[in-house]
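What follows is each chain in one-letter form.
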Amino acid sequence: EQDVIDYRKSLAIRVSGFDVPKPVKTFEECGFAPQIMAAIKKQGYEKPTSIQCQALPVVLSGRDIIGIAKTGSGKTAAFVLPMIVHIMDQPELQKEEGPIGVICAPTRELAHQIYLEAKKFAKAYGIRVSAVYGGMSKLEQFKELKAGCEIVVATPGRLIDMLKMKALTMLRATYLVLDEADRMFDLGFEPQVRSIVGQIRPDRQTLLFSATMPRKVEKLAREILSDPVRVTVGEVGM
Ligand code: ADP
Ligand code: MG
């Protein structure tokens, strides 16, 4: 146990929450399938970043997480890799349609980056990723969603539009990521985010990532996460 405490300290990681899983030192320790390991190697990722070392085992264990780490620390892979595992763990026969993994990000640019990262890891499994943000016509987007997907990467406003148009249902959604939660609040998307969360079954796994943790984000996290593990890397502002 002292080893774990020392190791976390060496990575500038602080954790809180009930029964927090041990941090890993390598991707191998996460038990990823060979296809995922190959994709990680292809990306040139040799070892997990600090946030990944602690967030990967937490999320892979099925727990909700609040992940706080500055920009550039590798948060995307921390939620995309376990999402692939989560999707592959679903029983094959499912009556419901619609995405299993839903990722919300504040801007088109951020959503697009996540979309590209998700595609790299989803490809080996034939997991379909749809991008739901401005830049494509709503009709094109509607058609793409109607064709089906396992992962949706979205900005909140456009996702609400697509839900209203019944381009997709959230019946199958069990893995929800709110990325850059602080910026979503800064941009005024709190009502949209709350509406989306309210449309996803409560027994989902919920992940919230942010670079800072203002009180409003803290309040949302308390309301929508169940028994979360909180992982903070480095010093973080409010
Ligand atoms: P954040 O979301 O925390 O701002 P990103 O997920 O965008 O950070 O990652 C920042 C950069 O680090 C990206 O270029 C990404 O490809 C790279 N990266 C992520 N994980 C690793 C890793 N384990 N090893 C090396 N580079 C990584
Ligand atoms: Mg990010």
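Being a predicted model, the structure only gives us computed values, none of them experimental.

**Student:** Residue-level account of helix 5 (residues 108-122), with values.
**Tutor:** In this model, helix 5 (15 residues) spans 20 Å end to end at C-alpha, consistent with the 21 Å of a helix rising 1.5 Å per residue. Restricting attention to buried positions, one finds in helix 5 the residues Leu110, Ala111, Ile114, Tyr115, Glu117, Ala118, Phe121 and Ala122. Packed against the buried residues of helix 5 are helix 2 (34-43), helix 4 (75-88), strand 3 (101-104), strand 4 (129-132), strand 5 (151-154) and helix 8 (181-186).

**Student:** An account of the layout of surface pockets is needed here, citing residue identities and associated values.
**Tutor:** For the largest pocket, the calculated volume is near 350 Å³. Around the largest pocket, the lining is made up of 18 residues, and of these Gly72, Gly74, Lys75, Thr76 and Gln113 lie nearest the centre. Of all elements in the fold, only helix 4 and helix 5 reach the threshold of two or more residues within the lining of the largest pocket. The element best represented in the lining of the largest pocket is helix 5, accounting for 4 residues.

**Student:** So what's going on with the nonpolar core? Which residues, and what values?
**Tutor:** With 50 residues, the main nonpolar core has Phe32, Phe79, Leu81 and Ile151 as its most contacted residues. Looking at which element gives the most residues to this core, the answer is helix 4, with 8 residues. By size, the runner-up hydrophobic cluster in this structure holds 34 residues, among which are Val132, Met170, Ala173 and Val193.

**Student:** Got a sec to walk through the site of ligand 1? Specific residues and values, please.
**Tutor:** Among the 13 residues in the neighbourhood of ligand 1, the closest are listed as Tyr45, Gln52, Gly72, Lys75 and Thr76. Here an oxygen atom of ligand 1 and a side-chain polar atom of Tyr45 are 2.5 Å apart. In the environment of ligand 1, an oxygen atom lies 2.5 Å from a nitrogen or oxygen atom belonging to the backbone of Gly72. Here ligand 1 loses 69% of its free accessible area of 570 Å² to cover by the protein chains. According to the grid-proximity analysis, the pocket containing ligand 1 is the largest pocket. In the shell around ligand 1, the residues fall into 3 nonpolar, 7 polar and 3 charged.

**Student:** Can you lay out the packing of aromatic side chains for me, pointing to particular residues and giving the numbers?
**Tutor:** Per the stated rule, a full pass over the model turns up 1 aromatic pair. On the basis of an interplanar angle of 45° and a centroid distance of 5.5 Å, the ring pair of Phe79 and Phe209 is categorised as tilted. Of the two residues, Phe79 is situated in helix 4 and Phe209 in strand 7 (residues 205-210); the sequence distance between them amounts to 130 residues. Considered together, Phe79 and Phe209 belong to a single accessibility category, that of buried residues. The ring of Tyr7 has Lys25 sitting right over it, with the charged end atom 4.6 Å from the ring centre.

**Student:** Which residues make up empty space enclosed by the protein, and what values go with them?
**Tutor:** Under the definition given, this model contains 1 cavity of 30 Å³ or more. Of the pockets and cavities examined, the largest cavity occupies roughly 40 Å³. Every residue lining the largest cavity is listed: Thr71, Lys75, Asp179, Glu180, Asp182, Phe209, Ser210 and Ala211.

**Student:** Which residues make up the pattern of salt bridges, and what are the values?
**Tutor:** When their charged atoms lie close together, side chains carrying opposite charge are able to pair. All chains considered together, the criterion is met by 14 salt bridges. For Glu190, the salt bridge goes to Arg194, with nearest N and O atoms at 2.9 Å. On the criterion of helical spacing, the pair formed by Glu190 and Arg194 is a turn pair, its members being 4 residues apart in helix 9 (residues 190-198). On the basis of relative accessibility, which here comes to 26%, the residue Arg194 falls in the partly exposed class. Of the charged contacts, one joins Arg201 and Asp203 as a salt bridge, the two residues approaching to 2.7 Å between their closest N and O atoms. Overall, the relative accessible area of 51% leaves Asp203 in the exposed class. A single salt-bridge network, built from bridges that share partners, covers Glu190, Arg194, Lys216, Lys219 and Glu223.

**Student:** Explain the environment of Pro91 to me, and be specific about the residues and the numbers.
**Tutor:** Tracing the backbone through its elements, the reader meets Pro91 in the loop between helix 4 and strand 3. Spatially, the C-alpha atoms of Pro91 and Gly67 are 28 Å apart, while their sequence positions differ by 24 residues.

**Student:** Let's hear about the state of the cysteines: which residues, and what values?
**Tutor:** Counting across every chain of the model gives 0 disulfides. As a non-bridged cysteine, Cys30 has Cys53 as the owner of its nearest cysteine sulfur, 8.2 Å distant. Among the residues examined, Cys30 registers a relative accessible area of 15% and is labelled buried. Looking at the unpaired Cys149, the closest cysteine sulfur is the one in Cys104, lying at 13 Å. Judged by relative accessible area, Cys149 falls into the buried class, the value being 2%.

Quick notes on the rules
All residue numbers refer to position in the chain's written sequence, counted from 1. Each chain is given a letter, starting from A, and each ligand a number, starting from 1, according to the order in which they appear as written. Only residues with pLDDT of at least 70 get local features here, since the model is predicted, and only at 80 or more are side-chain atom pairs given and counted; chain-wide, interface and lining totals rely on the full set of residues. Hydrogens and water are ignored here; the side-chain numbers use all heavy atoms of the structure. Runs of E in the DSSP output that reach at least two residues are strands. Runs of H or I that reach at least four are helices, and both are numbered from the N terminus. A helix is expected to span 1.5 Å for every residue after the first. Residue exposure (1.4 Å probe, protein chains only): buried if accessible area is under 20% of the type maximum, exposed if over 50%, otherwise partly exposed. Contacts are residue-level and defined by heavy atoms, with any inter-residue pair within 4.5 Å sufficient. Think of a 1 Å grid over the protein atoms and nothing else: a 1.4 Å probe that fits but is trapped marks a cavity, an open set flanked by protein within 12 Å on at least five of seven lines marks a pocket, and residues with an atom within 4 Å of a point count as lining. Grid points are joined across faces, edges and corners, and a volume is the space filled by probe spheres set on the points. Buried Ala, Val, Leu, Ile, Met, Phe, Trp, Tyr and Cys residues that are joined via side-chain atoms within 4.5 Å together make up what is termed a nonpolar core. Distances are taken per atom, and a residue is near a molecule or strand as soon as one of its heavy atoms is within 4 Å of it. Distance and chemistry together define a polar contact, namely a pair of N or O atoms within 3.5 Å, with one atom able to donate a hydrogen and the other to accept it when in protein, and with adjacent residues in sequence counting only for side-chain atoms on both sides. Here the Shrake-Rupley method, with its probe set to 1.4 Å, supplies the accessible areas, and only the displayed protein chains count as covering residues. Pocket or cavity membership: a molecule qualifies when more than half of its atoms sit within 2 Å of the grid points of that site. Think of it as three bins: nonpolar holds Ala, Val, Leu, Ile, Met, Phe, Trp, Tyr, Cys and Pro, charged holds Asp, Glu, Lys and Arg, and polar takes everything else, Gly as well. In this scheme Phe, Tyr and Trp rings, the latter by its six-membered ring, pair at centre separations within 6.5 Å, and the angle between planes marks the pair as stacked below 30 degrees, edge-to-face above 60, and tilted otherwise. Throughout this description, the term charge over a ring refers to an Arg CZ or Lys NZ atom that lies within 6 Å of the ring centre and within 35 degrees of the ring normal. For this document, the term salt bridge refers to a Lys or Arg side-chain nitrogen within 4 Å of an Asp or Glu carboxyl oxygen. By disulfide we mean two sulfur atoms from cysteines, separated by a distance within 2.5 Å.

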